[in-house]
Amino acid sequence: MVSPGDDFPFLVESARRFIALLANRPAFDAKSGERGSALVQHIEHTTSGLESQIDGVQAKFEAATSPLEKSVALKHLRLLTGYAHFMRRALPWLEDAKNPPLELGALYFIDHLSEAMLKEVADVVPTSATEYSTEQQPFAPLFPKLGLGPAPGALRPIILNFPALEAGSFPLLPLFAHEIGHTVVTKDRLTTKALERAQLNPEFNKLVESSKKTLEIAEGLTEERASLIMDERLSYWTIELLCDQLAVQHLGASYLLAFSVYLVPLTWNAPGPRHPPTTFRISHLLRWVEGTPWEDLLTNRMPASYAWLKEVAAAPRQKPAAPISILLDALDVAQPDFAATVSESLGKNVYSAHDYLAESRHLDDQLRYEVLPVQHPSKKTPFDPRAILVSGWLTLHEEAAKADPAGETPSTLCRTLAATDSHPFFTKAIELSRVLGIWEKTG
Ligand SMILES: [Zn+2]
């Protein structure tokens, strides 16, 4: 029979092998500040903590005098092996940091987003996956468990997962702003700030309480349990709505269009555990756009699609009197508070339709002559990548409408996304405007 003592050397060997695999991963010598360098620092920090913990557990096991002490050391070692195993997730990320799976213009756009929204240079690593999502400092939760302090180096590694099939989709670039938004929300504690602001309104509190009470009665739960369930939902949904606000306020109309063309085919008015219904999210995006020149722009340049977006936003709720629906009522009341919290966080990086319109005439002129729109013709300043996104969307949309015997319809949004031959042109424009901006700063 194998006693715990016999298992121990075997487990130590296995744990050390995992660490060696991580240490001997394909050569990656990102210099400080290069993409992936902060991620490497976090990995090395974690593996050094793992190694010293394994040494410590081994010493404890050897000094143990009772079976209980031995079995405690054994369990600890298994835990450490689990951590080492978990860290294998980093290998494809490092590969993607070395050979980014996006065009240069898209990478530059992501860097623009982290500088403008997060207001710091972060180590953002876009990585091919099946869906959009973010992992902020993925190994940081292990630091305290391994008795480690913060990792050396100031940069924050952020893994940006995106659907591999959409790597070249220029019209979907705005979705990265929502993902960067997740880090902004965490870093600036926006959920707490937004909810505190909303709670100053008695109407909001009344609706939240009513959603809890309705759930308690409907499901026969204790008051505490019902409250816990609704608070969790409220917190998750607030995060998503804040990320949407960050994206639409920083990018303007292009986020509304990218969000709708990507999400509406996937989900409609069904609430998810972590995401409010898509139709509801679109209604909040529209509230940012309505009554501003963004609305005039969309009404003029894509009338059928914009009218359809308004219909989508007005879609009836699933189960109108259910607790979830009452919570959505509360979030409707809180919308101006969420928007104000986000505007405060973005400061001068809120992108108004006026900012866009100041550039768009020149940008659109160049597009009309199929000139790569990089810089303002007289001022010679590079175009804002956000302006290239909006004009790109409008131009591609108009081209798709012209090519369709049915003219402009809501399906034109999908045709815009499908017109992949034209996408690299606009991504290239973002790349060159960024390069020009860097020249100007250094020249
Ligand atoms: Zn999200």
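Cut-off values and rules
Residues numbered from 1 in each chain as written. Predicted model: local features only at pLDDT ≥ 70, side-chain atom pairs only at ≥ 80, totals over all residues. Helix = DSSP H or I, 4+ residues; strand = E, 2+ residues; numbered from the N terminus. Expected span 1.5 Å × (residues − 1). Buried ≥ 20, exposed ≤ 12 C-beta atoms within 10 Å, placed from the backbone. Domains from an automatic or database assignment. Contact = placed C-beta atoms within 7 Å. Nonpolar A, V, L, I, M, F, W, Y, C, P; charged D, E, K, R; others polar. Core = buried A, V, L, I, M, F, W, Y, C linked by C-beta atoms within 7 Å. Axes fitted to C-alpha atoms, helices over the stretch in contact; angles between N-to-C directions. Parallel < 35°, antiparallel > 145°, perpendicular 65-115°, else oblique. Left-handed = near helix turned anticlockwise from the far one by under 90°. Pairing = 2+ DSSP bridges.

Here we look at helix H17 (residues 385-402)
Logical step 1: End to end, H17 covers 25 Å across 18 residues, agreeing with the expected 26 Å (1.5 Å per residue, within 8%).
Logical step 2: Taking burial as the measure, the 18 residues of H17 include 15 buried ones, the bulk of the element.

Considerations on the domain arrangement of the protein chain
Many descriptions give the size of an interface as the accessible area lost when the pieces come together.
Logical step 1: Entries for the protein chain in the domain assignment read domain 1 (4-168), domain 2 (185-349) and domain 3 (353-442).
Logical step 2: Contacts between domain 2 and domain 3 engage 17 residues on the former and 18 residues on the latter.
Logical step 3: For the side of domain 2 that touches domain 3, the leading source of residues is helix H11 (residues 253-263), giving 5 residues.
Logical step 4: Tallied by class, residues from the side of domain 2 that touches domain 3 come to 11 nonpolar, 5 polar and 1 charged.

Points about the environment of Pro273
Logical step 1: The topology assignment puts Pro273 in the loop between H11 and helix H12 (278-289).
Logical step 2: Taking the number of C-beta atoms within 10 Å as the measure of exposure, Pro273 has 8 and is therefore exposed.
Logical step 3: In this structure the C-alpha to C-alpha distance between Pro273 and Tyr236, which are 37 residues apart in sequence, comes to 7.8 Å.

Some points on the nonpolar core
Logical step 1: Core analysis: the biggest nonpolar cluster contains 115 residues, and Leu39, Phe176, Ala177 and Leu242 have the highest contact counts within it.
Logical step 2: Ranked by residues supplied to this core, first place goes to helix H10 (residues 223-251) with 11 residues.
Logical step 3: Setting aside anything within four residues of it in sequence, one finds Leu242 in contact with Gly181, Val185, Leu190, Thr191, Ala194, Phe338 and Val342.

Digging into the packing of helix H8 (residues 190-198) against helix H15 (residues 323-346)
Logical step 1: At their nearest, the axes of H8 and H15 sit 9 Å apart, and the two run at 135 degrees to each other. Classified by the angle their axes make, H8 and H15 are oblique. Remark: the crossing between H8 and H15 carries right-handed chirality. On the side of H8, the interface is formed by Leu190, Lys193, Ala194, Arg197 and Ala198, while H15 contributes Ala334, Asp337, Phe338, Ala340, Thr341 and Ser345.
Logical step 2: Classifying every residue of the contact of H8 with H15 gives 6 nonpolar, 2 polar and 3 charged.

Digging into the sheet that holds strand S3 (residues 157-163)
Logical step 1: Spatially, 3 strands are ordered S1-S3-S2 in an open sheet, and the strand pairing comes out mixed. The open sheet terminates on both sides in strands that have one partner only, identified here as strand S1 (123-129) and strand S2 (133-136). Between one strand axis and the next, the sheet turns through 20 degrees on average, direction left out of account.
Logical step 2: Here S1 runs beside S3; their pairing, made up of 7 bridges, is parallel. Each residue of the ladder has a partner; that of Thr127, found in S3, is Asn161.
Logical step 3: Where helix H2 (residues 37-63) meets the sheet, its contacts fall on S1 and S3, and the angle it forms with S1 comes to roughly 90 degrees.

Brief notes about the pairing of S3
Logical step 1: Within S3, 5 of the 7 residues are buried, leaving the element largely enclosed by the surrounding structure.
Logical step 2: By the bridge criterion, 4 bridges tie S2 to S3 in an arrangement that is antiparallel. Bridging across to S3, Glu135 finds its partner in Ile159.

Regarding the environment of Thr409
Logical step 1: As for its placement among the helices and strands, Thr409 is situated in the loop between H17 and helix H18 (411-418).
Logical step 2: Looking at Thr409, the number of C-beta atoms within 10 Å reads 15, which means it is partly exposed.
Logical step 3: Spatially, the C-alpha atom of Thr409 lies 9.6 Å from that of Ala307, the residues being 102 residues apart in sequence.

Remarks on the packing of helix H7 (residues 175-187) against H10
Logical step 1: Contact pair H7 / H10: the axes reach a minimum separation of 8 Å and the direction vectors enclose 120 degrees. What the angle tells us is that H7 and H10 run oblique. Read as a crossing pair, H7 and H10 show a hand that is right-handed. Contacts between H7 and H10 involve Ala177, His178, Gly181, His182, Val184 and Val185 on the former and, on the latter, Ile239, Leu242, Cys243, Asp244, Leu246, Ala247, His250 and Leu251.
Logical step 2: When grouped by side-chain class, the residues that make up the contact of H7 with H10 number 9 nonpolar, 4 polar and 1 charged.

Quick word on H7
Logical step 1: With 13 residues, H7 extends 19 Å from end C-alpha to end C-alpha; this agrees with the ideal 18 Å at 1.5 Å per step.
Logical step 2: H7 sits mainly inside the fold: 11 of its 13 residues count as buried.
Logical step 3: Among all positions of H7, only Leu175, Phe176, Ala177, His178, Glu179, Ile180, Gly181, His182, Thr183, Val184 and Val185 are buried.
Logical step 4: Remark: Arg189 follows H7 within two positions and exhibits a positive phi of approximately 50 degrees.

With respect to unusual backbone geometry
Logical step 1: In the Ramachandran plot, Gln137 falls in the positive-phi region, its phi being about 40 degrees despite a non-glycine side chain.
Logical step 2: For Gln137, the location among the structural elements is in the loop between S2 and helix H6 (142-145).
Logical step 3: The buried category is assigned to Gln137, around which 20 C-beta atoms lie within 10 Å.
Logical step 4: The phi dihedral of Lys319 is positive, around 40 degrees, even though this residue is not glycine.
Logical step 5: Structurally, the position occupied by Lys319 is in the loop between helix H14 (303-313) and H15.
Logical step 6: We classify Lys319 as exposed; it has 11 C-beta atoms within 10 Å.

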